[in-house]
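Summary of the model geometry
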Amino acid sequence: MAKASDNSFLTDVKTLRERAKKSIETGAVTPTYEGDVQTAIDLLQTVVATELVCVLRYTMHSISVEGLTSESIANEFATHAKEERAHMLAAANRIDQLGGVPNFDPEGLATRSASEYGKGGTLVEMVRQNLVAERLVIEHYRELIRYFGDKDPTTRIMLEHILAEEEEHATDMHDLLVAHEGKPFLKS
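The chain goes by Bacterioferritin in an unreviewed UniProt entry, where it is assigned to Acetobacter cibinongensis.

So this is what it looks like as structure tokens:
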């Protein structure tokens, strides 16, 4: 007769309690954390910088966009800026959980970021800048997700959530380009 459940992979509660009482100064980082904490913090610092640059770019674009449909596009840019800020805060909070201090120093921000700030320009130029930035962070975050894998599932899951929103942003920017240039870039 087969067992109802095989719990041999579980650590007994007494051992878990003893482990929890040790090294409490490391906060959420327990002995079973399989990643390298400092590397995780360093990689998440790039996420904070990248998202902060995206907040700044989308905010600048939401203010400077002009044209017949500028109000609706300005609102779209402003919404993206708000979502990028939430991504930045999620990464900053994860750095804190791992025992680090998020780097919000404006000095060197552009060099810590995977994304570029961009420029103003026409509506189409701004949409293109944002689409390029979104495509860049999609690639970057996919690499980070593969890196964190099962070593740090909390960070991986956070990045997967951010990635899904970044893919939505890229689709929004693509759709705006199609609407303003009249030709789809994606193949059906």
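Having seen the structure, we can now continue with the description.
Moving on, we come to the overall build of the chain. The number of helices and strands found in the chain is 6 helices and 0 strands. When the helices and strands of the chain are read in sequence order from the N terminus, they spell out α-α-α-α-α-α. Against the compact-globule benchmark of 16 Å for 188 residues, the chain has a radius of gyration of 21 Å, which places it well outside the compact range. Principal-axis analysis of the C-alpha atoms gives the chain an extent of 70 × 50 × 25 Å. Relative to its full complement of 188 residues, the chain shows a buried share of 37%. Within the chain, residue pairs in contact and separated by at least 24 positions form 75% of the contacts whose partners lie at least 6 positions apart. In the structure as shown, the chain presents an accessible area of about 11,400 Å², 55% of it carried by carbon and sulfur atoms. Taking the 20 positively charged and 31 negatively charged side chains of the chain as two groups, their mean positions are separated by 7 Å.

Another aspect to go through is the UniProt feature "binding site: Fe cation" (unreviewed entry) in the chain. Mapped onto the present numbering, the UniProt feature "binding site: Fe cation" (unreviewed entry) falls at Glu 51, His 87, Glu 134, Glu 166 and His 169. For this annotated set, covering 119 residues, all C-alpha atoms fall within 13.0 Å of each other, a compact arrangement in space. Its location among the elements puts His 87 in helix α3 (residues 70-97). Inspection of the secondary structure assignment puts Glu 166 in helix α6 (residues 153-181). The exposure class of Glu 166 is buried, given its relative accessible area of 0%. Ignoring anything within four residues of it in the chain, the contact list for Glu 166 reads Glu 51, Glu 84, His 87, Glu 134, Val 137, Ile 138 and Tyr 141.

About the cut-offs
- Residues numbered from 1 in each chain as written.
- Predicted model: local features only at pLDDT ≥ 70, side-chain atom pairs only at ≥ 80, totals over all residues.
- Heavy atoms only, no water.
- Helix = DSSP H or I, 4+ residues; strand = E, 2+ residues; numbered from the N terminus.
- Rg over C-alpha atoms; globule rule 2.2 N^0.38 Å.
- Buried < 20%, exposed > 50% of the residue type's maximum accessible area, 1.4 Å probe, protein only.
- Contact = heavy atoms within 4.5 Å.
- Areas by Shrake-Rupley, 256 points an atom, 1.4 Å probe, with all protein chains shown as cover.
- Lys, Arg positive; Asp, Glu negative; His and termini not counted.
- Charge placed at Lys NZ, Arg CZ, Asp CG, Glu CD.
- UniProt positions renumbered as here; feature names shortened; annotations may be inferred.

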